[in-house]
Amino acid sequence: MRCCEADKEGGTALHGKESNKGKFEDVYSKTEESMETGKKVKIIREAAENKRIETGLARIEEALNNRRFDIEYVTEAAWEAGEQRTGVSSIYVGTRREGGLIRRLEEEKLLLYHTEAPEGEGFYLAFLSGLNLFVAVGGTETGALYGAMALADRIRAEETEAVADHDLAFADAPAFRLRGPAVGLQLTKVEPPRLTYEYPITPARFPWFYDKALWEKFLEQLLEERCNVLYLWTGQPFSSLVKLEDYPEALEVTEEEYEKNREMFGWLTEECDRRGIWLVLKFYSIHIPLPLAEKHHIDLLQTSITELNRDYTYKSIVKFITSFPHIGLMVCLGEALRGKQNKTDWFIQTIIPAVKEGVREAGLKELPPLILRGHDCDPNAVMEQAVPLYDHLYTMWKYNGEGLTTYLPAGKWQDIHERLASHGQTHIMNVHVLADLEPFRYGATEFIRKCMQAGRSRLNCNGLHLYPLFFWDWPYAPDREQERLLQMERDWLWYRAWFRYAWNPDRDPDTERLYWRDVFAGHFAVDTDGADRIYRAVNALGQCAPRILRRVGITEGNRQTMSLGMTMSQFTNVKRYRPNYELWRSVSTPGEQPDDEIRRMLAGEPFYGETTADMCAEAVNYARTAAALFRSVQENAGKNRQELAHWLTDAEAMEELTLSYAKKLEAAFCILHYKYTMDENLRGDLTLLEDAVAPWEESLEHYRRLAKLTERTYLYACSMQTRQRKIPFTDGSAYGHWTQCLPEYEKEFACFKAHLEEMKNGIFPGEGEEEQEAEALSGVPFALEECACETYTVQKGESIFTDMAAPITMLAPELNGLTGIRFGLGSAMSEGARIVLKVSQDVKVLIAYMNAGGVEWLKLPDLETNTHADDRGGLSVVYANALQAENCPNCNIHAYFYEKGTHEIYMGTGGFTIVGVVPANAELQARNAGLSGETPEKLDWLYE
């Protein structure tokens, strides 16, 4: 290496045999020459070529071209053999690899670091004046890419004739190891007979997926934000990407589509890789292709492990890894598969062995990363067994559930994060679904920065998985426009903020305000004051939705669309809607739900934390502030005026929404006050109910304005338009817009006023009515096949289990005389009951769940963790407190739909019993049979 060889005649290592005579004059003359020309620069190509470094050099070349430099590319060897002191600067981008130029410069002490030497994706920028050399040193090729991008920024910003600042010495590295978005190969509606998540990958369903120009634009955006992972979400990807000799029928696409998919995934992997992005494919368990299910007469969603679904999945994963060795896998062990032990076994005995075999057949030198999504399973039990078997594991858990509510996560969900992180793997925070933010824009940079700090400091996360704001309709935004907006463009601020703080969440708040002010000034072409107003507006607007949901919502989950409002019943009889208590315990600020708050008030106890009134006042104030600030800058924008106008209409919509919530909650407190002070005959101080009328009317007026405004601004409010959406109304398609919900809200208010008038006239429900005996339902014939179950007549004295005395003591008349199905409680607790049912017509299967929380009893499927929980319509109670049996808790009856044919029913572990099979068209009048001694639900009749 010439620059490092010492001269035998006393010259320096930097100058070979050149003497010191005339040295300074030569340097001065060459400096003057370079200042005069100032347009020549050399780029040194690393000896070990790398696509990521080439991508970084392209960024540097673009910056130099913009400043009209003449660029000469030279090799490492040519540069080392040449003369460095020519007045022409050189640029080198590389890693600290053995034998490389950077390592030799380090060894000769020509390259020193004032910080830690770069590792991983960290980088160091320096100017070596003795060599007239700019270096961007990465701990890895991706770090070198990021260093090249940072150097390109400095080249663009340099105001002198120099390439960049000669005092350059700068280090940077990401705080979070993984940083990237999720993109769903999903649709807004289900395609029967397929179920949720089941969408074969085809151009007809996903034309955007095959649009390479669109992908390049998005990938460049991700590179600009220094993302290093892209998560593709599917339900069952293998049937679109691999062909298996043993299961030719499993391919769900045509040969042409299959070849197109393979080419597209190969291209996408390459494009990601050269930008330092790892492509990850996510799938659920156990989903099998429709044609495979039809051939073998089995369900699409497999609730238990069988030889068939195990063998198919194993061979699919092996084939996938040999076909796409550089695509990672993320596994969800639910939502179809039931039983915690089953899920653990699935990962340990099927997934990991399949990945290892794929690695062996592909000839890979190391195990690829494998992500365990800790959803709908016992992830810690899985990891305890998996870590000794596989040493390249990642874990993932939701940040605020399926919404965005707080930067102070606590409770049970914080514990789960901490335990998962304790396994020593990379642990990823999953900012998931964002059901409470749909469909509006979101850009609260300070809220986001604090969330990233909380993810690291409160949850011990070192990875970020970020959902788009309208996941199920990717890549399109929900705005009503002549041409659909793209989320990547509409929500640029959403992505930039999250990924900026995934790189470094500890940036100074005051400096960040200046940074974002400059961003907004450039983006909207406004002055400093206007930019600061926009900064304050987006941050104020971003406070509203999280505050509302965490204080009064039913769930942070996908089943509630917060922006559509809530019914009065959901405020005054919250338990009817199966609230997710972790919303209030784990992802909220300290405070109380309205029902608890009114009880404290009536008991004369002090309130705990934030009250509903506090929340309402603050949310309304933030919304009004945001709307006023956006309104004040509309005429000042020189660019992107339409986007700024959209921000204003979003803020105006949020103002109407917060006012509607606030006034309806004011009315709800009047009704709750009545509820907890009335007597057993429902009689109480009717002035409390009268006091509810005015604020409720005002709330409805704000909602009318909201519906009118959004009718011209949004196509729909929620991206998942299925029956999984339950709050405020079941069915995200039928009730997916404010205009669709408004008539229902008008109706509930009209019913309330009518019933109030009846009560004022002395007419209360149930008075003067004769109680009618319900009639017994008629069953249909069915057959049991190959299962350890037996039939029994559902009547008093019959035991509901085969291995213990549990005779029925009380029974709702509707169930009397039906043919039930029973089995051993012991086996149901340890393994789960497997029932193979054959029916000759469409039916409803009546299942009795125990009203108890012990591990011995089957738990009702939960929409918070299982999207398929209500696929067969059994989530709601049909007959509450309808059966009592000795040694058992009281039972609620649920009805599940099964079409004509043979079905394997596996609900998971825990005891239950089947109390009948009735025609699918049987009318089941939901009611509380009252066999537990509890009184029926009160006051919901006011709204019906």
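The numbering scheme is per chain: residues are counted from 1 as the chain's sequence reads. A pLDDT threshold of at least 70 governs which residues receive local features in this predicted model, and a stricter bar of 80 or more applies before side-chain atom pairs are shown or counted, although totals over entire chains, interfaces and linings include all residues. Side-chain metrics rest on all non-hydrogen atoms present in the structure, leaving aside hydrogens and water.

(A) Representation of the overall build of the protein. Per the secondary structure count, the protein includes 27 helices and 25 strands. The quantity called the radius of gyration is restricted to C-alpha atoms. Its globule counterpart is 2.2 Å times the number of residues to the power 0.38. Rg of the C-alpha trace for the protein: 32 Å, near the compact-globule value of 30 Å for 944 residues, within the 12% margin. Within the structure as shown, the protein displays about 37400 Å² of accessible surface, and the carbon and sulfur contribution to it stands at 47%. Positive charges come from Lys and Arg alone, negative charges from Asp and Glu alone, with His and the N- and C-terminal ends not counted. Where a charge lies is defined by one atom per residue type: Lys uses NZ, Arg uses CZ, Asp uses CG and Glu uses CD. Each charge class in the protein can be summarised by its mean position, and for the 104 positive and 145 negative side chains these summaries are 3 Å apart. Under the scheme used here, helices are H or I runs from DSSP no shorter than 4 residues and strands are E runs no shorter than 2 residues, and both carry numbers assigned from the N terminus. To be clear on the numbers: accessible area is Shrake-Rupley with a 1.4 Å probe, and residue cover counts the displayed protein chains and nothing else.

(B) Focus on the environment of L459. Summarising the element assignment, L459 is placed in the loop between α14 (445-457) and β14 (463-466). Distance in space between the C-alpha atoms of L459 and H417 is 5.3 Å, their sequence separation being 42 residues. Pairs of residues are marked as contacts when any of their non-hydrogen atoms sit within 4.5 Å. L459 has contacts with Y399, P409, Q414, H417, E418, A421, H427 and A454, leaving out every residue within four places of it along the chain.

(C) Just unusual backbone geometry, in detail. Going from G334 to E335, the amide bond is cis rather than trans, its omega being 10°. Structurally, E335 is set in strand β10 (residues 328-335). Residue P439 is bonded to the preceding E438 through a cis peptide linkage, with omega at -5°. Position of P439 among the secondary structure elements: in the loop between β13 (426-431) and α14. Phi is positive for R226, which is not a glycine, with a value near 55°. Within the secondary structure, R226 is located in the loop between α6 (212-224) and β8 (229-233).

(D) Representation of the packing of aromatic side chains. Only Phe, Tyr and Trp rings take part, Trp by its six-membered ring, and two of them pair if their centres are within 6.5 Å. Stacked means planes under 30 degrees apart, edge-to-face means over 60, and tilted covers everything else. The full count for this structure, using the stated rule, is 50 aromatic pairs. The interplanar angle of 80° and the centroid separation of 6.2 Å between the aromatic rings of W233 and F471 together place this pair among those described as edge-to-face. In this pair, W233 is assigned in strand β8 and F471 in the loop between β14 and α15 (487-490), connecting sequence segments 238 residues apart. Exposed residues in this analysis have more than 50% of their type's maximum accessible area, buried residues have under 20%, and partly exposed residues fall in between, with area computed by a 1.4 Å probe over protein chains only. In this structure F471 comes out as buried when scored by relative accessible area, which is 1%. On the basis of an interplanar angle of 85° and a centroid distance of 5.2 Å, the ring pair of F471 and W472 is categorised as edge-to-face. Across the pair, exposure class does not vary: F471 and W472 are buried alike. Definition used: whenever NZ (Lys) or CZ (Arg) falls within 6 Å of the ring centre and also within 35 degrees of the ring normal, the charge is taken to sit over that ring. Over the face of the ring belonging to F170 we find R154, whose NZ or CZ atom lies 4.5 Å from the ring centre.

(E) Here's a closer look at the side chain of T142. Mapped onto the elements, T142 comes out in helix α5 (residues 141-157). The residues contacting T142, other than those within four sequence positions of it, are R52, E121 and G276.

(F) Just the side chain of T344, in detail. Take T344: it is sitting in helix α11 (residues 340-362). T344 sits in the buried class, given a relative accessible area of 3%. Those residues within four positions of T344 in sequence are excluded, and the remaining contacts are A381, V382 and Q385.

(G) Geometry of helix α16 (residues 492-503). A helix's residues, less one, multiplied by 1.5 Å, set its expected span. Helix length check: α16, at 12 residues, gives a terminal C-alpha distance of 17 Å against a target of 16 Å (1.5 Å per residue), a fit within 8%. Within α16, burial applies to W492, L493, W494, Y495, A497, W498, F499, R500, Y501, A502 and W503.

(H) Inspection of the pairing of strand β22 (residues 891-898) at higher detail. Among the eight residues of β22, seven are classified as buried, and the element is accordingly described as predominantly covered. Any two strands with at least two DSSP bridges between them are considered paired. Bridge analysis of strand β20 (residues 843-850) against β22 gives eight bridges, and the strand direction is antiparallel. Paired with L846 across the bridge in β22 is A895. Sheet topology places strand β21 (residues 877-885) next to β22; three bridges connect them, and they run antiparallel. If you follow Y879 over to β22, its bridge partner there is I893.

(I) Just the sheet that holds strand β19 (residues 834-839), in detail. Strands sit in the order β15-β19-β23 across an open sheet of three strands; the sheet is antiparallel. Either end of the sheet is taken by a strand with one partner, and the two such strands are β15 (782-784) and β23 (901-906). Adjacent strand axes in the sheet meet at a mean angle of 25°, parallel and antiparallel pairs treated alike. Bridge analysis of β15 against β19 gives three bridges, and the strand direction is antiparallel. Looking at the pairing, A783 lines up with K838 of β19. Only the stretch in contact is used when a helix axis is fitted, and all axes are lines through C-alpha atoms; the angle between N-to-C directions ranges over 0 to 180 degrees.

(J) Looking closely at the domain arrangement of the protein. The domain architecture assigned to the protein consists of domain 1 (40-172), domain 2 (178-396) and domain 3 (782-943). Each domain's extent was defined by an automatic or database domain assignment. Between the C-alpha centres of domain 1 and domain 3 there is a distance of 69 Å.

(K) Main features of the environment of T142. Judged by relative accessible area, which is 3%, T142 ranks as buried. A sequence separation of 527 residues divides T142 from F669, and the C-alpha atoms of the two residues are 56 Å apart. In terms of polar contacts, T142 uses its side chain to reach the side chain of R52, at 2.6 Å. Nitrogen and oxygen atoms within 3.5 Å of one another constitute a polar contact, given that in protein one can donate a hydrogen and the other can accept it, and given that sequence-neighbouring residues count only through two side-chain atoms.

(L) Quick look at the sheet that holds strand β1 (residues 40-45). As summarised here, the arrangement of the six strands in space is β2-β1-β3-β5-β4-β6, forming an open sheet in which the pairing is mixed. Both outer strands of the open sheet, β2 (70-75) and β6 (169-172), are each paired with one neighbouring strand and no more. Neighbouring strand axes in the sheet, compared pairwise and without regard to direction, differ in orientation by 15° on average. One ladder, built from six bridges, connects strand β4 (residues 123-128) with strand β5 (residues 133-138); its direction is antiparallel. From the neighbouring strand, L125 faces β5, where its bridge partner is A136.

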